[in-house]
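# Descriptive analysis of the structure
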Amino acid sequence: MAAAPGARELTQNPLQKTWEPYDNGLPAGHSAQRGVCMTNCPTLIVMVGLPARGKTYISKKLTRYLNWIGVPTKEFNVGQYRRDLVKKYKSFEFFLPDNEEGLKIRKQCALAALNDVRQYLSEENGHVAVFDATNTTRERRETIYKFGEENGYKTFFVESVCVDPEVIAANIVQVKLGSPDYVDCSNDEATEDFMKRIECYKNSYETLDETLDKDLSYIKIMDVGRSYLVNRVMDHIQSRIVYYLMNIHVTPRSIYLCRHGESELNLKGRIGGDPGLSVRGKEFAKSLSQFINEQNIKDLKVWTSQMKRTIQTAEALGVPYEQWKVLNEIDAGVCEEMTYEEIQENYPLEFALRDQDKYRYRYPKGESYEDLVQRLEPVIMELERQENVLVICHQAVMRCLLAYFLDKPAEQLPYLKCPLHTVLKLTPVAYGCKVESIFLNVEAVNTHRDKPENVDISRPTEDALVTVPAHH
Amino acid sequence: MKDCHQPAEVCMTNCPTLIVMVGLPARGKTYISKKLTRYLNWIGVPTKEFNVGQYRRDLVKKYKSFEFFLPDNEEGLKIRKQCALAALNDVRQYLSEENGHVAVFDATNTTRERRETIYKFGEENGYKTFFVESVCVDPEVIAANIVQVKLGSPDYVDCSNDEATEDFMKRIECYKNSYETLDETLDKDLSYIKIMDVGRSYLVNRVMDHIQSRIVYYLMNIHVTPRSIYLCRHGESELNLKGRIGGDPGLSVRGKEFAKSLSQFINEQNIKDLKVWTSQMKRTIQTAEALGVPYEQWKVLNEIDAGVCEEMTYEEIQENYPLEFALRDQDKYRYRYPKGESYEDLVQRLEPVIMELERQENVLVICHQAVMRCLLAYFLDKPAEQLPYLKCPLHTVLKLTPVAYGCKVESIFLNVEAVNTHRDKPENVGVNRSREEALRTVPTHL
């Protein structure tokens, strides 16, 4: 690699506070930010498995996780391409191995999907594409692998193998009965047809083989995660994908998210700090305790940050809890304990930059939402491992966690509504998450500041403060 | 006394974990045991390894030959069983009486019967058992292992290399006939990872909890490809000159000179595919810029956050926060600056760096004093008490090269003078000490 001429001057990016080299006043290359630049060449993840083995569940979940940690990822479901092409699904006969017409259409859909993959990874700056189809024959996988090689992608296979009839039946109930394919059928008709659909694939199914496929990179997930076979992990992103896949489970459970009770600084409209609970905040803590008891949750784990206000809230529950430093509120640096009015007065430029890009904006000597996501990743990983958990945290932290579970993009994340004294109960269902919002009937200040219309650095004070919520 | 509310990293294990190594000789079991133990201790999980071969050496003072290991050698079998039981007894003492969280039982454990015995032992004592098997048939790998760690073993101290190799190969043969590898069907109810061909593939079964999940992730990221890791700090900064800590200053004149010397040094080393990492603070980035090669910025490599003490001199800290200053000297590892961090916090935030360093090959990490101490403690297996006092002077590169079971360190001073920023632990750490006692070990500055 040719060396650049000497040491270039550095300039600090006013939004993210990162130091970047510049040549003649223009930002130069050669300096990557870890966290985004995890992947040198694009990665093609190829799902493998009979129908109803959880391929789409895994595809969607993995895509959601990778996007949340900042790796642009998109899934391509070949079944969806088929539904778009063949408007009305008739029966399993479409999938019979000797149905020439069916085979032709299915191949066409796979190629259309691969073409969109190519566009996403090679033209639209995607980093990872998840190709969701059965891909049950070695021949089909060979075709896809060649496609990957031709385009300079690294290919990683994810196979789900399951023979437990109860698991298959549960999957069918969860996600197949409600499929557009079966919108006009009774549950029994749908189940019967789907079981025959699975049979169409069984004879030609060639599972990933330790010997025949020894040169491929893959993970084979057996019996919904009881065991895994991992072969030739090539790079960092594949290693992270394997770690994630090995930590997720499908056991029914609920995750409860809430903020600490109202704090003394909340009342004054001040951000950050390490204050204690207000009178109403303490009331909320008691209500939370009552709520949790009524919910009668099996083996509930309780997590807090290491800030006084979340710990005080947990104390009222009278159960063991774990403190996580990484659950601490976003560090507002020089703006800690200020009101928005004071920030506008002392740092009007910063205040405007924050409104321009609230996700990437880093407080001077503080953090950004983008930084928060990186520090919360171990929390998400442990939440995936756990079952019933109550996380008592903070506004910005809760927005980040919520964005993960509800698949909200970076632009929306910093504006998600997470009011005080309100518990969000998240329950995984089908391919997503059901949310129930429970206000525990103790009044509190509103701490949500919407994005104002005018985000210009030369805006008047009034424009900057127009969306600040009321406080003492 | 209130119920459990420890920080998450300490309270990772509810009941102790017994890791049981499995595999023929020269498959890397002791290498893995030692490395895993080092990693777990670094992240704060009290771990100890128990090498049954060492118990055997302590009991049978002089090793004669492979015949000790013949399957029909009654005397040998008796001694080996005695050693295994002695080791298990020490395991029990460590986990049940000495607050150990994880014990690594390092022996061949190649028969199902032996593993059954150990599993029962675990159950009786309330331990979770996790097996780690290393399977390898590549004769080149075996031969390399023998050269790396067997020829220098106390067992072969009086032998030539050829004699040692011949005897060791026969020793391996003694185990082969009775070797029962972990089987997908027969052992389906056990928790284990089977590592094949030095990490080409893995079979993972029934991971039970967080610590097992972390162990699996770690084992799947380490490799044995030869490489070197270069650690250094940024060049001397303007605040270093003034004896001030933290901040985000630029390089001093000498710091810029160091950056040029570093560039020259790196070129001379002629390192294949070197990756360069910096923090997101100006002084490390300025240093990297002089190298003229691509580099990656990691926020988690930023220097320890001194909170309210940022940009102060030690004299100012003593003046404004004498209590804090004394508390820090009392327990520098766990002490957290007000609105700042502790070394303990640093270790937690650096864990992804260590994981990625394990995955990578040749890497140069340009970081900061406290950060470098944490990374160095990981590679050199230094305990928490010593970590905050490791010497990491400015303008000095540490080249770490894995060798045998540990790490070779070469210290290269790049011949550009810089202030000393190392403050030793003073004698008097009492909160009532005099100003003079508190400041006695402060290094000189402008």
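As the structure is a computational prediction, the values presented were derived from the model and not from experiment.

Let us now look at the overall build of chain A. The secondary structure content of chain A amounts to 15 helices and 16 strands. Its C-alpha atoms give chain A a radius of gyration of 25 Å, within 12% of the compact-globule value 23 Å for 472 residues. Overall, chain A is about 75 × 65 × 40 Å in size when its C-alpha atoms are taken along their principal axes. Within the span of chain A, comprising 472 residues, buried residues form 55% of the whole. Within chain A, contacts between residues at least 6 apart in sequence are counted, and of these 68% link residues at least 24 apart. Total accessible area on chain A is roughly 20,900 Å²; 50% of this is exposed by carbon and sulfur atoms.

So, on to the interface of chain A and chain B. Accessible area lost on assembly of the parts is the figure often given for the size of an interface. Counting residues at the interface gives 54 residues for chain A and 52 residues for chain B. Both faces combined, the contact of chain A with chain B buries some 4,500 Å², and carbon together with sulfur accounts for 48% of it. Inspection of the chain A/chain B interface yields 18 residue pairs in polar contact (both at pLDDT 80 or more). Those elements that provide at least two residues to the side of chain A that touches chain B are strand 1 (9-12), strand 2 (19-23), strand 4 (31-33), strand 10 (227-231), helix 7 (236-247), strand 13 (322-323) and helix 13 (369-385) of chain A. The element that contributes the greatest number of residues to the side of chain A that touches chain B is helix 7 of chain A, accounting for 7 residues. Looking at the side of chain A that touches chain B residue by residue, the classes come out as 21 nonpolar, 15 polar and 18 charged.

Right, let's talk about the pattern of salt bridges for a bit. Residues and elements named next belong to chain A. Under the defined criterion, the tally for this structure stands at 57 salt bridges over all chains. Here D355 and R449 are joined by a salt bridge, their closest N and O atoms 2.7 Å apart. Taken together, the positions of D355 in helix 12 (residues 348-356) and R449 in the loop between strand 16 (432-439) and helix 15 (461-465) put the pair 94 residues apart, joining distant regions of the chain. Pair check on accessibility: D355 and R449 agree, each one buried. Sharing partners across several salt bridges, the network here consists of R82, R83, D181 and R197.

We now examine the packing of aromatic side chains. All names here are of chain A. Evaluation of the coordinates by the stated rule reveals 29 aromatic pairs over all chains. With centroids separated by 6.3 Å and ring planes inclined at 45°, the aromatic side chains of Y89 and F95 adopt a geometry described as tilted. This pair shows no difference in class: Y89 is buried, exactly as F95 is. Ring centres of F94 and F95 lie 5.1 Å apart, and the angle between their planes is 80°; on these two criteria the pair is classed as edge-to-face. For the pair formed by F94 and F95, the shared burial category is buried.

Residues and elements named next belong to chain B. Cross-referencing UniProt, the feature "binding site: substrate" (unreviewed entry) maps to R233, H234, G235, E236, S237, E238, L239, N240 and R283 in the present numbering. A maximum C-alpha distance of 14.1 Å places the annotated residues, which cover 51 residues in sequence, within one compact spot. Following the sequence through the fold, H234 ends up in the loop between strand 7 (229-233) and helix 8 (238-241). Classification of H234 by relative accessible area gives buried; the value is 2%. Those residues in contact with H234 that lie beyond four places of it in its chain are N240, F258, R283, T284, T287, I366, C367, H368 and L394. One polar contact links H234 to R283, side chain to side chain, over a distance of 3.4 Å.

So, how was this worked out
- Residues numbered from 1 in each chain as written.
- Chains lettered and ligands numbered in written order.
- Predicted model: local features only at pLDDT ≥ 70, side-chain atom pairs only at ≥ 80, totals over all residues.
- Heavy atoms only, no water.
- Helix = DSSP H or I, 4+ residues; strand = E, 2+ residues; numbered from the N terminus.
- Rg over C-alpha atoms; globule rule 2.2 N^0.38 Å.
- Buried < 20%, exposed > 50% of the residue type's maximum accessible area, 1.4 Å probe, protein only.
- Contact = heavy atoms within 4.5 Å.
- Areas by Shrake-Rupley, 256 points an atom, 1.4 Å probe, with all protein chains shown as cover.
- Buried area = accessible area lost by both parts, 1.4 Å probe.
- Polar contact = N/O pair within 3.5 Å; in protein donor to acceptor, adjacent residues only side chain to side chain.
- Nonpolar A, V, L, I, M, F, W, Y, C, P; charged D, E, K, R; others polar.
- Salt bridge = Lys/Arg side-chain N within 4 Å of Asp/Glu carboxyl O.
- Phe/Tyr/Trp six-rings, centres within 6.5 Å; stacked < 30°, edge-to-face > 60°.
- UniProt positions renumbered as here; feature names shortened; annotations may be inferred.

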